[in-house]
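Read off the chains here:
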Amino acid sequence: MYQRIVILTGAGISAESGVKTFRDEDGLWESHPIEDVATPEGYAANPTLVEDFYNARWQQLINEGISANAAHVALATLEQSQQVELFLVTQNIDNLHEKGGSRKLLHMHGELSKGRCPRSQQTFMLTEALGPDNVCTCCIPAQKLRPHVVWFGEMPIGMDKIHQALSQCDVFIAIGTSGSVYPAAGFVDIANQVGALTVNVNLAPRDPHCQFQYHWQGKASERVPALVNAILAGQSIAHD
């Protein structure tokens, strides 16, 4: 039976729920150059553009009835099991894991549903769109909240906790992400070094440069429930 499990999720798990992936094939994020909407410099140059960009995605989650899919629900079921110790970390900034029932997870790239005080770094749930009037309650004078999103050039959240969990895990599973871009690319290396079983679940075929031991190809909504069922049944997941 697998005891300590670390799972990393990426855009592929949310795409099946209708959430658009930010990065297009031409390197643009929804027709915007990345440096304009996903860097501290872009925010400093044009905060209104950046706020509008993230407000639109926040509104999509609220207004369009986007729901968690079977993969999110399966991971919540795994979290609730007394048989395993799950550390769930996501690269996604949506709230679909929470909608699926997960209560203990780390958003390494931040959350669309929150704003952050630029002075204290305290976060606040958004009840209205980001803008001049959406301010913190922790400072005097109150500070305008920025998107609680990790931009290029900023350090992902909780890296120490992630590395600690990986150094102690029996299994590392990446879902909906190739894990080929750092810092996430280093996660599988850590897991391999400590002798953990490593599995990648992805719609795309195995990347020839992939460091994962096993590759479960297919839709996350189909493969993840099967994976979780196998884990909870005490069955091996060491196969493709």
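Quick caveat, the model's predicted, so the values are computed rather than measured. (Residues numbered from 1 in each chain as written. Predicted model: local features only at pLDDT ≥ 70, side-chain atom pairs only at ≥ 80, totals over all residues. Heavy atoms only, no water.)

S.K.: Please set out the overall build of the protein residue by residue, giving values where relevant.
M.R.: Helix and strand counts for the protein come out as nine helices and eleven strands. C-alpha atoms of the protein, sized along the principal axes, occupy 55 × 40 × 35 Å. Expressed as a percentage of the 240 residues in the protein, the buried residues total 49%. Within the protein, contacts between residues separated by at least 24 positions form 62% of all contacts whose residues are at least 6 apart in sequence. (Helix = DSSP H or I, 4+ residues; strand = E, 2+ residues; numbered from the N terminus. Buried < 20%, exposed > 50% of the residue type's maximum accessible area, 1.4 Å probe, protein only. Contact = heavy atoms within 4.5 Å.)

S.K.: Pulling in residues and values, what's your account of unusual backbone geometry?
M.R.: For the bond from I140 to P141, the omega torsion is 0°, close enough to zero to count as cis. Within the fold, P141 resides in the loop between β7 (123-125) and β8 (146-149). Despite not being glycine, Q121 has its phi angle at roughly 70°, a positive value. With respect to the helices and strands, the residue Q121 is situated in the loop between β6 (110-116) and β7.

S.K.: Explain the nonpolar core to me, and be specific about the residues and the numbers.
M.R.: Among the nonpolar cores identified, the biggest contains 25 residues, and I5, I7, I173, I175, V224, I231 and I237 are the most heavily contacted of them. If you list the elements that add at least two residues to this core, you get β1 (4-9), α5 (70-80), β4 (85-90), β9 (171-175), β10 (197-202) and α9 (220-232). Looking at this core, the element that brings in the most residues is α9, giving six residues. If we skip the residues at most four places from it in the chain, V224 touches A71, A74, L75, I175 and V201. I162, F172, A184 and F187 belong to the second-largest nonpolar core, a separate cluster that totals 19 residues. (Core = buried A, V, L, I, M, F, W, Y, C linked by side-chain atoms within 4.5 Å.)

Keep in mind these values describe shape, not function.
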